[in-house]
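Results of the structural survey
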Amino acid sequence: MSVELKRCGWCGTDPLYIKYHDEEWGKPVHDDQILFEFLILEGAQAGLSWITILRRREGYRAAFADFDVQKVAAFTEADAERLMNDTGIIRNKLKVNSAIKNAQLFITIQKEFGSFSNYIWGFLPDQKPVVSHFKSLAEVPARTEISDAISSDMKKRGFKFFGTTICYAHMQATGMVNDHIEGCIAR
């Protein structure tokens, strides 16, 4: 008798999606480089499916200097042009330019708060992950008051492509919230 493993339904059967679901999504991240990576990837995802971005993740890693925020913040107009010709990423001029600007703003936050992690996790009660107890995907919100507050603050600081829905997806990806449904093997 085999036991069926239960996962959140959004990851389907794609091996890349399953690996991401099982090993990354909802796991707390405090490493600024990984937080920056997800900031870039979530911004690129705006209007697209997450699997589209996951399939290009290695392309993003190569195009954006292995998500080294200092290097990305120093990208020039020539770098932006290079990125617009890179088939390994989503070639959207607004998204490419915002990734570079967001890198510069990310560094400003690091200087102000000691790390981006200190800043973003500071929005959570006791800087601890919010653990949800959803029984189905239908219960999982697209935004919360916390994602509203973070995205509003980041917007005031000049960040682009980080509205409340993208912010909430970032929170899920980096384990600020654990929205794995009850009974999920990755919970």
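Here's what I pulled together on the structure shown here. (Residues numbered from 1 in each chain as written. Predicted model: local features only at pLDDT ≥ 70, side-chain atom pairs only at ≥ 80, totals over all residues. Heavy atoms only, no water.)

1. Some points on the environment of F116
Note the cut-off: Secondary structure follows DSSP: runs of H or I at least 4 residues long count as helices, runs of E at least 2 residues long count as strands, and numbering of each begins at the N terminus. Whether two residues are in contact is decided by their heavy atoms: any pair within 4.5 Å suffices.
Considering the arrangement of structural elements, one finds F116 in helix α8 (residues 116-121). Taking C-alpha positions, F116 is 8.4 Å from F36, a pair spaced 80 residues apart along the chain. When sequence neighbours within four positions are dropped, the list of residues in contact with F116 reads D32, L35, F106, I109, Q110 and M154.

2. Examining helix α10 (residues 164-173)
Because an α-helix packs 3.6 residues into every turn, residues spaced three or four apart end up facing the same way. The test is simple: Only protein chains enter the accessibility calculation, which uses a 1.4 Å probe; a residue is then buried when its area is under 20% of its type maximum, exposed when over 50%, and partly exposed in between.
In terms of residue burial, α10 counts as a mostly covered element, since 9 of its 10 residues are buried. Within the span of α10, buried status applies to T164, I166, C167, Y168, A169, H170, M171, Q172 and A173. Its buried side turned inward, α10 meets α1 (15-23), α2 (32-45), α8, α9 (145-156) and β2 (177-178). Within two residues after α10, G175 carries a phi angle of roughly 75 degrees, on the positive side.

3. Structural notes on the nonpolar core
Using the following cut-off: Joining through side-chain atoms within 4.5 Å is the link that ties buried Ala, Val, Leu, Ile, Met, Phe, Trp, Tyr and Cys residues into a set, and such a set is a nonpolar core.
In this structure, F36, Y60 and F64 are the most contacted members of the largest nonpolar core, which totals 56 residues. It is helix α7 (residues 93-113) that provides the largest number of residues to this core, a total of 8 residues.

4. Here we look at the pattern of salt bridges
We count it as follows: Only one rule defines a salt bridge in this text: a Lys or Arg side-chain nitrogen within 4 Å of an Asp or Glu carboxyl oxygen.
For the coordinates displayed, the defined rule picks out 13 salt bridges. D22 serves as the salt-bridge partner of R7, at 2.6 Å between the closest nitrogen and oxygen. With a gap of 15 residues between them, R7 in the segment before α1 and D22 in helix α1 connect regions that are remote in the sequence. Overall, D22 belongs to the partly exposed group, its relative accessible area being 21%. The partner of D14 in a salt bridge is R55, with the nearest N and O atoms 2.7 Å apart. Of the two residues, D14 is situated in the segment before α1 and R55 in the loop between α3 (50-54) and α4 (57-63); the sequence distance between them amounts to 41 residues. Residue classification places D14 among the partly exposed residues on the basis of a relative accessible area of 21%. On the accessibility criterion, R55 (56% relative accessible area) is exposed. What emerges from the salt-bridge pattern is a single network uniting E24, E37, R57, E58, R61 and D66.

5. What to know about the state of the cysteines
Short version of the rule: Working definition: a disulfide is two cysteine sulfur atoms within 2.5 Å of each other.
One pass over the structure, following the stated rule, counts 0 disulfides. With no disulfide of its own, C167 has C8 as its nearest cysteine by sulfur position, at a separation of 19 Å. Of the residues examined, C167 reaches a relative accessible area of 0% and is grouped as buried.

6. Details of the packing of aromatic side chains
Note the following rule: Between 30 and 60 degrees the pair is tilted, below 30 it is stacked and above 60 it is edge-to-face, where a pair is any two Phe, Tyr or Trp rings, Trp via its six-membered ring, whose centres lie within 6.5 Å. The rule is short: NZ of Lys or CZ of Arg within 6 Å of the ring centre and within 35 degrees of the ring normal puts a charge over the ring.
Counted under the stated rule, the structure contains 13 aromatic pairs. With centroids separated by 4.2 Å and ring planes inclined at 20 degrees, the aromatic side chains of F106 and F116 adopt a geometry described as stacked. Here F116 lies in helix α8 and F106 lies in helix α7, a separation of 10 residues in the sequence. Here F116 falls in the buried class, since its relative accessible area comes to 0%. Taken together, W10, Y17, Y20, W25, F38 and W50 form an aromatic cluster joined through their ring pairs. Directly above the aromatic system of F75 lies the positively charged group of R82, at a separation of 5.2 Å from the ring centroid.

7. Overview of the side chain of N178
Convention followed: Pairs of N or O atoms within 3.5 Å make up the polar contacts considered here, provided that, within protein, one atom can donate a hydrogen while the other can accept it, and that residues adjacent in sequence are counted only when both atoms are side-chain atoms.
With respect to the helices and strands, N178 occurs in strand β2. At 3.0 Å, the side chain of N178 and the backbone nitrogen of H180 are in polar contact. If sequence neighbours within four positions are ignored, N178 has contacts with G26, V130, V131, S132 and R187.

8. Notes on the packing of α2 against α7
Stated formally: The angle between two axes is taken between their N-to-C directions and runs from 0 to 180 degrees, where each axis is a line fitted to C-alpha atoms and a helix contributes only its stretch in contact. With respect to orientation, any angle under 35 degrees is reported as roughly parallel, any angle over 145 as roughly antiparallel, any angle of 65 to 115 as roughly perpendicular, and every other angle as oblique. Left-handed describes a crossing whose near helix is turned anticlockwise from the far helix by less than a right angle; the clockwise case is right-handed. Under the grouping applied here, Gly and all other residues not named as nonpolar or charged are polar, the nonpolar ones being Ala, Val, Leu, Ile, Met, Phe, Trp, Tyr, Cys and Pro and the charged ones Asp, Glu, Lys and Arg.
Viewed as axis vectors pointing N to C, α2 and α7 meet at an angle of 150 degrees, and their least axial separation amounts to 10 Å. Classified by the interaxial angle, the pair formed by α2 and α7 is roughly antiparallel. In this structure, α2 crosses over α7, and the sense of that crossing is right-handed. Each of D32, L35, F36, L39, I40, G43, A44 and Q45 in α2 lies in contact with α7, whose residues at this interface are K95, A99, N102, A103, F106 and Q110. For the contact of α2 with α7, a count of residues per class yields 8 nonpolar, 4 polar and 2 charged.

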